[in-house]
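Here's the letter readout for the chains.
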Amino acid sequence: GYRSPVRPAPVGPSVAIAVFLGVLLVWQVPAVLDPSVRSAALWSAQIACYLVAGILLWLQLVGSHPFHPGWDPVRRLGLLGCALSGAWLVGVALVISSRVRYPAFAPGPIGREMDQGLAGAIACVLPLLPFGIATFWCFAEWLSKDEDDGQLERASEPARPGRPPDQDPISSRS
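Residues numbered from 1 in each chain as written. Predicted model: local features only at pLDDT ≥ 70, side-chain atom pairs only at ≥ 80, totals over all residues. Heavy atoms only, no water.

On to unusual backbone geometry, then. At the junction of His65 and Pro66, the peptide bond is cis and its omega measures out at 10 degrees in the coordinates. Considering the arrangement of structural elements, one finds Pro66 in the loop between helix H3 (40–61) and strand S2 (67–68). (Helix = DSSP H or I, 4+ residues; strand = E, 2+ residues; numbered from the N terminus.)

See the structure below:
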């Protein structure tokens, strides 16, 4: 069937990581997060922001037809490192904080401090799943690209004189 042509993602890699980190950090400010506990509209806006930021970043990491990532696989690994560092920064800040950052969250059976520490641990661990998948994807694409480049180089080498190409050890390397 017909497939539409490949085109760049809606925003570039630098904008995608800036939006992702900005959304991640802004929604962790207590003055912004606490009111979302009492407002369904604000809570929905938070979820929408996370979703849009995540999609923009994902399109730069692995792409999705018809969108193609803006950078090569090696540079996308750096993009992944920045995104994961931002998530870890938020998580570690919650874990090591000696005071409760979000007073609007009602105390539960484990207490606010323990709840905050648990939230921080989840913020550190949960991103490993999608970012791990994206890391594997980038490594696989990088290795595949290098293998394709090597095959192109070997295909452009002339066969040695006096031997048929299928018996020539240089041109028959794989």
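This brings us to helix H4 (residues 73–96). For H4, built from 24 residues, the straight-helix expectation of 34 Å at 1.5 Å per residue is met to within 8% by its first-to-last C-alpha distance of 34 Å. For H4, the complete set of buried residues consists of Pro73, Arg76, Leu77, Leu79, Leu80, Ala83, Leu84, Gly86, Ala87, Val90, Gly91 and Leu94. The backbone nitrogen of Val74 has a side-chain oxygen 3.0 Å away, supplied by the residue at the start of H4, namely Asp72. (Expected span 1.5 Å × (residues − 1). Buried < 20%, exposed > 50% of the residue type's maximum accessible area, 1.4 Å probe, protein only. Polar contact = N/O pair within 3.5 Å; in protein donor to acceptor, adjacent residues only side chain to side chain.)

Let's shift gears to the pattern of salt bridges. Any two side chains of opposite charge can pair if their charged atoms end up close together. In the structure shown here, the tally under the stated rule is 1 salt bridge. Here Glu141 makes a salt bridge to Arg76, at a shortest N to O gap of 3.0 Å. With Glu141 in helix H6 (residues 128–156) and Arg76 in helix H4, this residue pair connects regions lying 65 residues apart in the sequence. (Salt bridge = Lys/Arg side-chain N within 4 Å of Asp/Glu carboxyl O.)

A surface patch of nonpolar side chains, amounting to about 550 Å² of accessible area, comprises Trp88, Val92, Val95, Ile96, Val125 and Leu128. Counting residues per element, the nonpolar patch draws most heavily on H4, at 4 residues. Mapped onto the secondary structure, Val92 falls in helix H4. (Patch = residues over 30% accessible without salt bridge, like charges linked within 9 Å, V, L, I, M, F, W, Y side chains within 5 Å. Areas by Shrake-Rupley, 256 points an atom, 1.4 Å probe, with all protein chains shown as cover.)

Here the largest pocket is characterised by a volume of approximately 860 Å³. Around the largest pocket, the lining is made up of 27 residues, and of these Leu24, Gln28, Tyr50, Ala123 and Leu126 lie nearest the centre. For the lining of the largest pocket, the elements supplying multiple residues, two or more each, are helix H1 (13–26), H3, H4, helix H5 (112–125) and H6. Tallied by class, residues from the lining of the largest pocket come to 21 nonpolar, 4 polar and 2 charged. (1 Å grid on protein atoms, 1.4 Å probe; cavity = no way out; pocket = protein on both sides within 12 Å on 5 of 7 lines; lining within 4 Å. Points joined across faces, edges and corners; volume = space filled by probe spheres on them. Nonpolar A, V, L, I, M, F, W, Y, C, P; charged D, E, K, R; others polar.)

Turning our eyes to something else, we now look at the packing of aromatic side chains. Summed over all chains, the structure comprises 2 aromatic pairs. Look at Phe20 and Phe131: their rings are 6.1 Å apart centre to centre, the planes differ by 65 degrees, and that puts the pair in the edge-to-face class. With Phe20 in helix H1 and Phe131 in helix H6, the pair connects residues that are 111 residues apart, well separated along the chain. Accessibility expressed as a relative area gives 15% for Phe20, which makes it buried. Judged by its relative accessible area of 8%, Phe131 falls in the buried class. Between Phe139 and Trp142 the ring centres are 5.8 Å apart and the planes differ by 25 degrees, which places this aromatic pair in the stacked class. A residue pair is termed a helical-turn pair when its members lie 3 or 4 positions apart in one helix, as Phe139 and Trp142 do in helix H6 at 3 residues. Its relative accessible area of 30% is what places Trp142 among the partly exposed residues. It is Arg75 that lies over the ring of Trp71; its NZ or CZ is 4.3 Å from the centre. (Phe/Tyr/Trp six-rings, centres within 6.5 Å; stacked < 30°, edge-to-face > 60°. Lys NZ or Arg CZ within 6 Å of the ring centre and 35° of its normal.)

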